[in-house]
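# Per-entry structural report
Residue-level listing of the chains:
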Amino acid sequence: MDETVEVTIKPDGKVEIHVTGVDGMSCLETTEELIRMLGGEVEAQELTAEAYNETGEEQQDRLWH
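Here we summarise the structure given alongside this text. Computed from a predicted model, the values in this text were never measured in an experiment.

### Notes on the overall build of the chain
When helices and strands are tallied, the chain shows two helices and two strands. For the chain, the sequential pattern of α-helices and β-strands runs β-β-α-α. Burial status across the chain gives 11% buried among its 65 residues. Of all intrachain contacts in the chain linking residues separated by at least 6 positions in sequence, the fraction that spans at least 24 positions is 39%. Accessible area for the chain stands at about 5600 Å²; split by element, carbon and sulfur atoms hold 49% of it.

Right under this line is the structure:
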């Protein structure tokens, strides 16, 4: 699956960002610059099931700690 970032600007000015196709917490890195450009304030954050999928790198970190 390809990485997709969907941005929705609501009539009240609030912005929603939805990321798909990214396993693990790297979705946070994917949106970091975009959030900064939009003012840097996050009112609420909701992680999808994909965020809890472990990537190979996360599994490796767990084995070494």
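Now that the structure has been shown, we can carry on.
### Quick word on a nonpolar patch on the surface
Nonpolar side chains collect at one region of the surface, where Val5, Val7, Ile9, Val15 and Leu38 lie side by side and expose about 410 Å² of accessible area between them. With three residues, strand β1 (residues 4-9) is the largest single contributor of residues to the nonpolar patch. Note that Leu38 resides in the loop between α1 (26-37) and α2 (56-64).

### Things to note about the pattern of salt bridges
Evaluated as defined, the whole model comprises three salt bridges. A salt bridge links Lys10 to Glu16, with the shortest nitrogen-to-oxygen separation between them at 3.0 Å. A residue is classified by how much of its surface remains accessible, and Lys10, at 34% relative accessible area, is partly exposed.

### Thoughts on the pairing of strand β2 (residues 15-20)
With six bridges connecting them, β1 and β2 associate as antiparallel partners. Considered in β2, the bridge of Thr4 is made with Thr20. Linkage of β1 to β2, two consecutive antiparallel strands, is achieved through a turn of five residues, within which Gly13 is found at a positive phi near 95 degrees.

### A word on the side chain of Thr31
Assignment of secondary structure puts Thr31 in helix α1. When residues no more than four places from it in sequence are discounted, the contact partners of Thr31 are Ile17 and Val19.

### Here's the deal with the environment of Ile9
Relative to the assigned elements, Ile9 resides in strand β1. Here Ile9 is in contact with Lys14 and Val15, once residues within four sequence places are set aside.

Procedures and definitions
- Residues numbered from 1 in each chain as written.
- Predicted model: local features only at pLDDT ≥ 70, side-chain atom pairs only at ≥ 80, totals over all residues.
- Heavy atoms only, no water.
- Helix = DSSP H or I, 4+ residues; strand = E, 2+ residues; numbered from the N terminus.
- Buried < 20%, exposed > 50% of the residue type's maximum accessible area, 1.4 Å probe, protein only.
- Contact = heavy atoms within 4.5 Å.
- Areas by Shrake-Rupley, 256 points an atom, 1.4 Å probe, with all protein chains shown as cover.
- Patch = residues over 30% accessible without salt bridge, like charges linked within 9 Å, V, L, I, M, F, W, Y side chains within 5 Å.
- Salt bridge = Lys/Arg side-chain N within 4 Å of Asp/Glu carboxyl O.
- Pairing = 2+ DSSP bridges.

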